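Commentary on secondary and tertiary structure
Residues per chain, in single letters:
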Amino acid sequence: MQKANPLSNALRLLQGPQTFGRGKSFWAAFTVVVALACAYPLFADGYDVGNNVYFFNWAFMALGLSLIWGYGGTLSFGQTAFFGVAGYTYGIISINFGDAYGLTLFALIASVATAALLAAVLGYFLFFGRISGVFLGIVTLSVTLVLERFMAQTAGPEWRIGTARLNGYNGMGGMPSLTIPWFDGDIVLFPDIQLYYVTLALLIVCYLGLRILVNSRFGNVLVAIRENPQRAEMLGYDIRVYQLVTFVIGSALAGLSGVLYTSWGNYITPASMGMTAAALPIVWVAVGGRGDLTTTVIGTVIVLAGFQALTIHGSQYALVVMGVLLVLTVLIAPRGLIFGIFALASGLFNRKSAGRGEQP
């Protein structure tokens, strides 16, 4: 029996049923969007390019929450906890060891691994302790708020790790940007064109990798657990293992968001783990469509852009609008506003295609 080609298998999984958008038209549109994203810095000023990196940074967290909540059926308020842990870890390592010899890349990997390890420990007690439903959301939110309160009271000079001061609510600053060692000299990824392209490439890789994952056997089992965990368990699957692995991957993506954000702004504060910060990713993913990776990314970028505009021009209304948007999504389009629009457009396109095919 001939072994399947890994490349052809990966391409097949990209087209799987667990993700919205398949066929030549979707991938043609995807290619156009990526091409436009690559061309964007050539026509935009440095501020706008750096601002778009900010949007990209949060998309990793949203993708992780889509995996945990949309595909796994587990609502977690812990994304910002792993975001903050990874961000502070990056700051501590990079401040103490500097940015020479690619040490910031080591700090990135170590920080994401720290977030994943924390998620593995927490997830073990959650899932193997059979905590589920609203109680799991309560526990993850409690962990997030405890971490936020702990970091907020570290303002004194005694709260330091090496030369890195935690600095309480004032936030930790002064960490170097991500730096790539190169032959002609180190490439420092300031929030400009170079960081834009690196973050965009990482986002595309993570998006495509998650498409392959959710359309694989693992993803099919995960969706089966979401739909009916008792039935999946009766079929012989240890649902706790699948839920734990999903939780760790999604949390690692939140940690990647934390590192990229901290490197982008050279700053992180406990407020990034507060109640408001913990609730916002729920809004992004719910509006986009938690059960699909494509609509999650699109919804996150659109909602973030709107939230930023509201914050600048009418900050007193920004959070109110986010709350109203979440309520409307739950009432009108439980599967997500962006997902609903895409599904409607796809249905109309398929009807027109079928009508043209039936004509002589």
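Being a predicted model, the structure only gives us computed values, none of them experimental. (Residues numbered from 1 in each chain as written. Predicted model: local features only at pLDDT ≥ 70, side-chain atom pairs only at ≥ 80, totals over all residues. Heavy atoms only, no water.)

**Remarks on the overall build of the chain**
Short version of the rule: By the criteria applied, helices consist of DSSP H or I runs no shorter than four residues and strands consist of E runs no shorter than two, each listed in order from the N terminus. Each radius of gyration reported is based on C-alpha atoms, and the globular scaling rule is 2.2 Å times the count of residues to the power 0.38. The buried label goes to any residue with under 20% of its type's maximum accessible area, the exposed label to any with over 50%, and the partly exposed label to all in between, with areas taken from a 1.4 Å probe on protein chains only. The contact rule is simple, with two residues in contact once any of their heavy atoms fall within 4.5 Å. By the counting rule applied here, Lys and Arg register as positive and Asp and Glu as negative, while His and the ends of each chain are not counted. Where a charge lies is defined by one atom per residue type: Lys uses NZ, Arg uses CZ, Asp uses CG and Glu uses CD.
Scanning the chain from terminus to terminus reveals 13 helices and six strands. For a compact globule of 360 residues, the expected C-alpha radius of gyration is about 21 Å, and the chain comes in at 21 Å, within 12% of that figure. Overall, the C-alpha framework of the chain stretches about 80 × 55 × 50 Å when taken along its three principal axes. Sorting the 360 residues of the chain into buried and exposed places 45% on the buried side. Taking the contacts inside the chain whose residues are at least 6 apart along the sequence as the reference set, 77% of them involve residues at least 24 apart. In the chain, which carries 18 positive and 13 negative side-chain charges, the distance between the mean positions of the two groups comes to 16 Å.

**Concerning empty space enclosed by the protein**
The condition that has to hold: Put plainly, a pocket is an open set of points on a 1 Å grid over the protein atoms alone with protein on both sides within 12 Å along at least five of seven lines, a cavity is a set where a 1.4 Å probe fits but cannot get out, and a lining residue has an atom within 4 Å of a point. Grid points are joined across faces, edges and corners, and a volume is the space filled by probe spheres set on the points. Under the scheme applied here, ten amino acids are nonpolar (Ala, Val, Leu, Ile, Met, Phe, Trp, Tyr, Cys and Pro), four are charged (Asp, Glu, Lys and Arg), and all others, including Gly, are polar.
Enumeration according to the criterion identifies one cavity of 30 Å³ or more in this entry. Counted as a void, the largest cavity has a volume near 40 Å³. Forming the walls of the largest cavity are Ile 68, Gly 72, Thr 74, Phe 127, Leu 222, Gln 243, Thr 246 and Phe 247. With three residues, the single largest contributor to the lining of the largest cavity is helix α10 (residues 239-265). Tallied by class, residues from the lining of the largest cavity come to four nonpolar, four polar and no charged.

**A few points about helix α8 (residues 217-227)**
All buried positions along α8 are accounted for by Gly 219, Val 221, Leu 222, Val 223 and Ile 225. The secondary structure elements touched by the buried residues of α8 are α3 (46-71), α7 (193-214), α9 (229-234) and α10.

**Here's the deal with the packing of aromatic side chains**
This is how it is decided: Stacked, tilted and edge-to-face are the three classes applied to pairs of Phe, Tyr and Trp rings, where Trp contributes its six-membered ring and a pair requires centres within 6.5 Å; stacked means planes under 30 degrees apart, edge-to-face means over 60, and tilted covers the rest.
Going through the model one piece at a time under the given rule, you end up with 25 aromatic pairs. Ring centres of Phe 30 and Tyr 207 lie 5.9 Å apart, and the angle between their planes is 20 degrees; this geometry places the pair in the stacked category. In this pair, Phe 30 sits in helix α2 (residues 23-39) while Tyr 207 sits in helix α7, placing the two residues 177 residues apart along the sequence. Given a relative accessible area of 6%, Tyr 207 falls into the buried group. A centroid spacing of 4.9 Å and a plane angle of 25 degrees characterise the contact between Tyr 124 and Phe 128, whose relative ring orientation is stacked. Ring pairs connect the aromatic residues Tyr 54, Phe 55, Trp 58, Phe 83, Tyr 261, Trp 264 and Trp 284, which therefore count as one cluster.

**Considerations on a nonpolar patch on the surface**
Let me state the cut-off plainly: Candidate patch residues must exceed 30% relative accessible area and have no salt bridge, after which like charges are joined if within 9 Å and Val, Leu, Ile, Met, Phe, Trp or Tyr side chains if within 5 Å. Calculation of accessible area relied on Shrake-Rupley with a 1.4 Å probe; when residues are assessed, cover is drawn exclusively from the protein chains displayed. One side-chain nitrogen of Lys or Arg within 4 Å of one carboxyl oxygen of Asp or Glu is enough to make a salt bridge.
Residues Val 320, Val 324, Val 327, Leu 328, Val 330, Leu 331 and Ile 332 make up a contiguous nonpolar surface patch of roughly 670 Å² in combined accessible area. Inspection of the secondary structure puts Val 324 in helix α12 (residues 293-332).

**With respect to the layout of surface pockets**
One number sums up the size of the largest pocket: a volume of about 920 Å³. If you go around the largest pocket, you meet 29 residues; those closest to its centre are Ala 29, Phe 30, Val 33, Thr 294 and Ile 298. Of all the secondary-structure elements, those providing two or more residues to the lining of the largest pocket are α2, α3, α7, α12 and α13 (337-358). For the lining of the largest pocket, the element with the most residues is α2, which contributes seven residues.

**Describing the pattern of salt bridges**
Throughout the structure, instances matching the rule amount to three salt bridges. Glu 227 serves as the salt-bridge partner of Arg 226, at 2.8 Å between the closest nitrogen and oxygen. Glu 227 gets classed as exposed once you look at its relative accessible area, which sits at 55%. Measuring nitrogen to oxygen at the nearest pair gives 3.0 Å for the salt bridge that ties Asp 238 to Arg 240.

**Topic: the environment of Val 327**
Along the chain, Val 327 falls in helix α12. Here Val 327 falls in the partly exposed class, since its relative accessible area comes to 47%. C-alpha of Val 327 to C-alpha of Trp 69: the two residues are 258 residues apart in sequence and 18 Å apart in space.

**Let's talk about unusual backbone geometry**
Of note, the phi angle at Asn 167 is positive, near 75 degrees, even though the residue is not glycine. Tracing the sequence through the fold places Asn 167 in the loop between β2 (164-165) and β3 (172-173). With a relative accessible area of 22%, Asn 167 lands in the partly exposed category. Look at Asn 266: it is not a glycine, yet its phi comes out positive at around 55 degrees. Among the secondary structure elements, Asn 266 is positioned in the loop between α10 and β6 (267-268).

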